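# Remarks on the overall topology
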Amino acid sequence: DSGVTQTPKHLITATGQRVTLRCSPRSGDLSVYWYQQSLDQGLQFLIQYYNGEERAKGNILERFSAQQFPDLHSELNLSSLELGDSALYFCASSERGDWNSPLHFGNGTRLTVT
Amino acid sequence: DQQVKQNSPSLSVQEGRISILNCDYTNSMFDYFLWYKKYPAEGPTFLISISSIKDKNEDGRFTVFLNKSAKHLSLHIVPSQPGDSAVYFCAASAGYGGATNKLIFGTGTLLAVQP
């Protein structure tokens, strides 16, 4: 158990809809990361937050947004969903968020867009 | 553009033998490399890392080798055990010593260790 909690585990929704994925980091970790894993793809970095502030941005679509709240949990909002957004979404956390701060991953949220 | 490539989708090895997983990268700015292991229905877990100032790092049965001139790294598992059966992801970052840990992952290699 990594200590990172992601909810829900599974989500099925229709195209055009909006969903929110939630992540609670490990106790003591200040940084949260979001990754997307599509079929036959590696984990694609979306965005990183550190103590409530955005620290690094990857290939995150404009239809997607994220935030980290004062209690350090994070939410990833996906809107105007398309079939191609179906994927596993992983949240990870680390203590400091810097280069040598190991990432601890949650078990992911599987999103299916029909 | 896949900056981190794992060209072998799968590998099958006998228990007790050596498993060698390979990874190639294209971005010469990468200076920190990691291997993660992932079991089904779980998130990836950190296995071992190496910085670009080294060419080898060892942790028990796991050794990572880095060849900077070839932009290639490999993970050796000796001896392989059935419990090592998992998907192995190679990851890299250009943030050595920096304030961020933006990792770029490969597509993974499924290792099956046969008893």
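Everything below is about the structure shown above.
Residues numbered from 1 in each chain as written. Chains lettered and ligands numbered in written order. Predicted model: local features only at pLDDT ≥ 70, side-chain atom pairs only at ≥ 80, totals over all residues. Heavy atoms only, no water.

### Examining the overall build of chain B
Looking only at helices and strands, chain B features zero helices and 11 strands. From first element to last, N terminus to C terminus, chain B shows the α and β order β-β-β-β-β-β-β-β-β-β-β. For 115 residues, the compact-globule estimate of 2.2 N^0.38 gives 13 Å, and chain B sits close to it at 14 Å. Once the C-alpha set of chain B is aligned to its principal axes, its extents read approximately 40 × 30 × 25 Å. Out of the 115 residues belonging to chain B, those deemed buried represent 43%. Summing over all exposed atoms, chain B offers an accessible surface of approximately 5300 Å²; the carbon and sulfur share of this is 51%. (Helix = DSSP H or I, 4+ residues; strand = E, 2+ residues; numbered from the N terminus. Rg over C-alpha atoms; globule rule 2.2 N^0.38 Å. Buried < 20%, exposed > 50% of the residue type's maximum accessible area, 1.4 Å probe, protein only. Areas by Shrake-Rupley, 256 points an atom, 1.4 Å probe, with all protein chains shown as cover.)

### Focus on the overall build of chain A
Assigned secondary structure in chain A consists of zero helices and 11 strands. N-terminal to C-terminal, the α/β element order of chain A is β-β-β-β-β-β-β-β-β-β-β. Along the three orthogonal principal directions, the C-alpha set of chain A runs to about 40 × 30 × 25 Å. Scored against the burial criterion, the 114 residues of chain A give a buried share of 51%. Expressed as a percentage of contacts within chain A between residues at least 6 apart in sequence, the contacts between residues at least 24 apart total 55%. (Contact = heavy atoms within 4.5 Å.)

### Re the interface of chain B and chain A
Between chain B and chain A, the residue contacts involve 20 residues of the former and 23 residues of the latter. For the pair chain B and chain A, the summed buried area comes to about 1800 Å², and 58% of that belongs to carbon and sulfur atoms. Applying the counting rule to chain B against chain A returns zero salt bridges. Considering each element in turn, the side of chain B that touches chain A owes the most residues, three residues, to strand β4 (residues 32–38) of chain B. (Buried area = accessible area lost by both parts, 1.4 Å probe. Salt bridge = Lys/Arg side-chain N within 4 Å of Asp/Glu carboxyl O.)

### Some remarks on the sheet that holds strand β8 (residues 74–78) of chain A
Residue and element names in this part refer to chain A. With respect to topology, four strands assemble into an open sheet ordered β1-β3-β8-β7, the strand pairing being antiparallel. Each end of this open sheet is capped by a strand with a single partner; those strands are β1 (5–7) and β7 (64–68). Geometrically, the sheet is characterised by an average inter-axis angle of 15° between neighbouring strands, direction not taken into account. By the bridge criterion, five bridges tie strand β3 (residues 19–24) to β8 in an arrangement that is antiparallel. (Pairing = 2+ DSSP bridges. Axes fitted to C-alpha atoms, helices over the stretch in contact; angles between N-to-C directions.)

### A short note on the packing of aromatic side chains
What describes a pair of aromatic rings is the distance from one ring centre to the other and the angle between the planes of the rings. Under the criterion given, the structure shown has 12 aromatic pairs over all chains. An angle of 70° between the planes, with centres 6.5 Å apart, marks the rings of Phe64 of chain A and Tyr89 of chain A as edge-to-face. With a gap of 25 residues between them, Phe64 of chain A in strand β7 and Tyr89 of chain A in strand β9 (residues 87–94) connect regions that are remote in the sequence. You can call Tyr89 of chain A buried: its relative accessible area is 0%. Judged by centre distance (5.9 Å) and plane angle (70°), the ring pair of Tyr36 of chain B and Phe46 of chain B falls under edge-to-face. With Tyr36 of chain B in strand β4 and Phe46 of chain B in strand β5 (residues 45–51), the pair connects residues that are 10 residues apart, well separated along the chain. (Phe/Tyr/Trp six-rings, centres within 6.5 Å; stacked < 30°, edge-to-face > 60°.)

### What to know about the side chain of Ser79 of chain A
All names here are of chain A. Structurally, the position occupied by Ser79 is in the loop between β8 and β9. A distance of 2.8 Å separates a polar atom in the side chain of Ser79 from the backbone oxygen of Arg63. If we ignore the near neighbours within four places in the chain, the residues touching Ser79 are Gln17, Arg18, Arg63 and Phe64. (Polar contact = N/O pair within 3.5 Å; in protein donor to acceptor, adjacent residues only side chain to side chain.)

### Here we look at the nonpolar core
Among the nonpolar cores identified, the biggest contains 23 residues, and Phe33, Trp35, Leu73, Leu75 and Tyr88 of chain B are the most heavily contacted of them. Those elements giving two or more residues to this core turn out to be β3 (19–25), β4, β5, β7 (62–67), β8 (72–77), β9 (86–93) and β11 (109–114) of chain B. Of the residues forming this core, the biggest block, four residues, is contributed by β9 of chain B. With 21 residues, the next largest nonpolar core counts Val32, Leu46, Leu76 and Val113 of chain A among its residues. (Core = buried A, V, L, I, M, F, W, Y, C linked by side-chain atoms within 4.5 Å.)

### Brief notes about the pattern of salt bridges
A side chain with one charge may pair with a side chain of the opposite charge, provided their charged atoms come close. A full pass over the atoms with the stated rule returns six salt bridges over all chains. Residue Arg26 of chain A is joined to Asp29 of chain A by a salt bridge in which the shortest nitrogen-to-oxygen separation is 3.0 Å. We classify Asp29 of chain A as buried; its relative accessible area is 2%. In this structure, the salt-bridge partner of Lys56 of chain B is Glu58 of chain B, at a minimum N-O distance of 4.0 Å. Of the residues examined, Lys56 of chain B reaches a relative accessible area of 42% and is grouped as partly exposed. Judged by its relative accessible area of 51%, Glu58 of chain B falls in the exposed class. Each member of the salt-bridge network shares a partner with another, and the members are Arg63, Glu82 and Asp85 of chain A.

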